[in-house]
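# Secondary and tertiary structure notes
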Protein chains: 2
Amino acid sequence: CPLPHGDCSLSRLLSLLLTARRSLEICLFAFSSPQLGSAVRLLHRRGVRVRIVTDAQYMGLQGSQIGLLRLAGIQVRHDQESGYMHHKFAIVDGRMVITGSLNWTTQAIQNNRENVLVMEDAEYVKPFVDEFERIWEEYNPINYRFF
Amino acid sequence: CPLPHGDCSLSRLLSLLLTARRSLEICLFAFSSPQLGSAVRLLHRRGVRVRIVTDAQYMGLQGSQIGLLRLAGIQVRHDQESGYMHHKFAIVDGRMVITGSLNWTTQAIQNNRENVLVMEDAEYVKPFVDEFERIWEEYNPINYRFF
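These figures come from a predicted structure and were not determined experimentally.

## Description of the relation of the copies chain B and chain A
Least-squares fitting of chain B to chain A yields an RMSD of 0.0 Å, with the transformation described by 0.0 Å of translation along the axis and a rotation of 180 degrees. The symmetry that links the two subunits is that of a two-fold axis. Interface overlap between copies: 100% of the residues of chain B at the interface are likewise at the interface in chain A, consistent with a symmetric, same-surface contact.

## Concerning the state of the cysteines
Per the stated rule, a full pass over the model turns up 2 disulfides over all chains. Cys 1 of chain A shares a disulfide with Cys 8 of chain A; S-S distance 2.3 Å.

## Considering the environment of Tyr 58 of chain B
Along the chain, Tyr 58 of chain B falls in helix 3 (residues 56–59). Linking Tyr 58 of chain B and Ala 30 of chain B, residues 28 residues apart in sequence, is a C-alpha distance of 6.1 Å.

## Examining the sheet that holds strand 3 (residues 75–78) of chain B
In sheet architecture, strand pairing relies on hydrogen bonds along the backbone and comes in two forms, parallel and antiparallel. All names here are of chain B. If you walk across this open sheet you meet the 6 strands as 3-2-1-4-5-6, and the pairing is mixed. Edge strands, defined here as strands with exactly one partner in the open sheet, are strand 3 and strand 6 (116–119). The mean inter-strand angle of the sheet, taken between neighbouring strand axes irrespective of direction, is 10 degrees. Here strand 4 (residues 88–92) runs beside strand 5 (residues 96–100); their pairing, made up of 4 bridges, is antiparallel. Following the sheet pairing, Ala 90 is matched in strand 5 by Ile 98. Packed onto the sheet, helix 1 (residues 5–17) meets strand 1 (23–28), strand 4, strand 5 and strand 6 and runs at close to 150 degrees relative to strand 5.

## A word on the pairing of strand 5 of chain B
One face of the sheet, then the other: side chains in a regular strand alternate in exactly this way. Residue and element names in this part refer to chain B. With 5 of 5 residues buried, strand 5 is to be regarded as a mostly interior element. Burial along strand 5 is two-sided: Met 96, Ile 98 and Gly 100 facing one way and Val 97 and Thr 99 facing the other are all buried. Taking the residues that link successive antiparallel strands as the turn, the strand 4-strand 5 hairpin has 3 residues, and the phi of Asp 93 there is positive, at about 50 degrees. Here strand 5 pairs with strand 6 via 4 bridges, running antiparallel. The residue bridging Val 97 from the neighbouring strand is Met 119, located in strand 6.

## Some thoughts on the packing of helix 1 of chain B against helix 2 (residues 34–45) of chain B
The angle between the axes and the distance between the axes are what describe a pair of packed helices. Residue and element names in this part refer to chain B. Two numbers describe how helix 1 lies on helix 2: the axes approach to 10 Å, and their chain directions differ by 10 degrees. Of the possible angle classes, the one that applies to helix 1 and helix 2 is roughly parallel. Together, Leu 10, Leu 13, Leu 14 and Leu 17 of helix 1 and Gln 35, Leu 36, Ala 39 and Leu 43 of helix 2 make up the contact between the two elements. Grouping the amino acids of the contact of helix 1 with helix 2 by side-chain chemistry returns 7 nonpolar, 1 polar and no charged.

## Focus on the packing of aromatic side chains
The geometry of two aromatic rings is summed up by the distance between their centres and the angle between their planes. Using the criterion set out here, one finds 13 aromatic pairs over all chains in the structure. Judged by centre distance (5.7 Å) and plane angle (20 degrees), the ring pair of Phe 132 of chain A and Trp 136 of chain A falls under stacked. On the criterion of helical spacing, the pair formed by Phe 132 of chain A and Trp 136 of chain A is a turn pair, its members being 4 residues apart in helix 6 (residues 122–138). With a relative accessible area of 0%, Phe 132 of chain A lands in the buried category. Arranged with centres 5.8 Å apart and planes meeting at 90 degrees, the rings of Tyr 58 of chain B and Tyr 84 of chain B form a pair that is edge-to-face. You can see Tyr 58 of chain B sitting in helix 3 and its partner Tyr 84 of chain B sitting in the loop between strand 3 and strand 4, a full 26 residues away along the chain. Over the ring of Trp 136 of chain A we find Arg 51 of chain A; its NZ or CZ atom is 5.3 Å from the centre of that ring.

## Considering the nonpolar core
With 30 residues, the main nonpolar core has Val 53 and Met 119 of chain A together with Val 53 and Met 119 of chain B as its most contacted residues. If sequence neighbours within four positions are ignored, Met 119 of chain A has contacts with Arg 95, Met 96, Val 97, Thr 99, Tyr 124, Val 125 and Phe 128 of chain A together with Leu 117, Met 119 and Tyr 124 of chain B.

## Looking at the pattern of salt bridges
Taken as a whole and judged by the stated rule, the model has 16 salt bridges over all chains. Of the charged contacts, one joins Arg 134 of chain A and Glu 131 of chain A as a salt bridge, the two residues approaching to 2.6 Å between their closest N and O atoms. In this pair, Arg 134 of chain A and Glu 131 of chain A both sit in helix 6, 3 residues apart, roughly one turn of the helix. Note on Arg 134 of chain A: relative accessible area 47%, which makes it partly exposed. Its relative accessible area of 12% is what places Glu 131 of chain A among the buried residues. Of the charged contacts, one joins Glu 131 of chain A and Arg 113 of chain B as a salt bridge, the two residues approaching to 3.0 Å between their closest N and O atoms.

Here is what the cut-offs are and how they apply
Residues numbered from 1 in each chain as written. Chains lettered and ligands numbered in written order. Predicted model: local features only at pLDDT ≥ 70, side-chain atom pairs only at ≥ 80, totals over all residues. Heavy atoms only, no water. Least-squares fit on C-alpha atoms with pLDDT ≥ 70 in both. Contact = heavy atoms within 4.5 Å. Disulfide = S-S within 2.5 Å. Helix = DSSP H or I, 4+ residues; strand = E, 2+ residues; numbered from the N terminus. Pairing = 2+ DSSP bridges. Axes fitted to C-alpha atoms, helices over the stretch in contact; angles between N-to-C directions. Buried < 20%, exposed > 50% of the residue type's maximum accessible area, 1.4 Å probe, protein only. Parallel < 35°, antiparallel > 145°, perpendicular 65-115°, else oblique. Nonpolar A, V, L, I, M, F, W, Y, C, P; charged D, E, K, R; others polar. Phe/Tyr/Trp six-rings, centres within 6.5 Å; stacked < 30°, edge-to-face > 60°. Lys NZ or Arg CZ within 6 Å of the ring centre and 35° of its normal. Core = buried A, V, L, I, M, F, W, Y, C linked by side-chain atoms within 4.5 Å. Salt bridge = Lys/Arg side-chain N within 4 Å of Asp/Glu carboxyl O.

As structure tokens, this is what we get:
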């Protein structure tokens, strides 16, 4: 990749996401990268089933993409705990998991030392699929407590 | 595991670390778990070669284990950048990588939603070994700038 390191990482991540044809599950502590936000909205417009889980304390921070994603009609669920929903993974078409230390923020992509794993072995993908479905149900708005 | 979830995760992580016989490389954004700190010091006393890389902004925070690890004679290096050294991985005897979203803090182990991957395939282990050695040299104190 001939680009600067951060741009190169972003470009590789975008390419992987944009291979989604049927479904995209995203489970992210912090999501503020405008480019990644646009890519996710594009997939949603293309008819890919997008579901997002995020952290309640971080989703409202300045620069968060979560509001824009909801505005675009994408379903987002969040935790209701004092602990963090600290995962950072995405599942593409149920066949590929992208995970590691990276939150989807410009700061992390450009300035941090991070790792991103891309795995297609079912042995590694399945636990992430199972965890996503477990969290998705656990964070169902029907379970939210408001007082 | 019959223990509560957090204790169970901690116990599994401790068991994996304590299999180290020759070397342990740790690359962690935040390290404040007293139990994991004790385990690392025990391995050092047993003659395992322990090397630690951490984040400059986080290593001095209250509760950090980094000072105690240095006091025990373990080598620790840190970044000198405004960006975070955000990795969270350990390499046991050059054969097993433990990585994921988990920082080694009691808060994360007890209260957060996290993932930890344990991999022994060379295909996955080697990039982490290479990254550790690259960072270890890059953060060599000889390269530190003090003004």
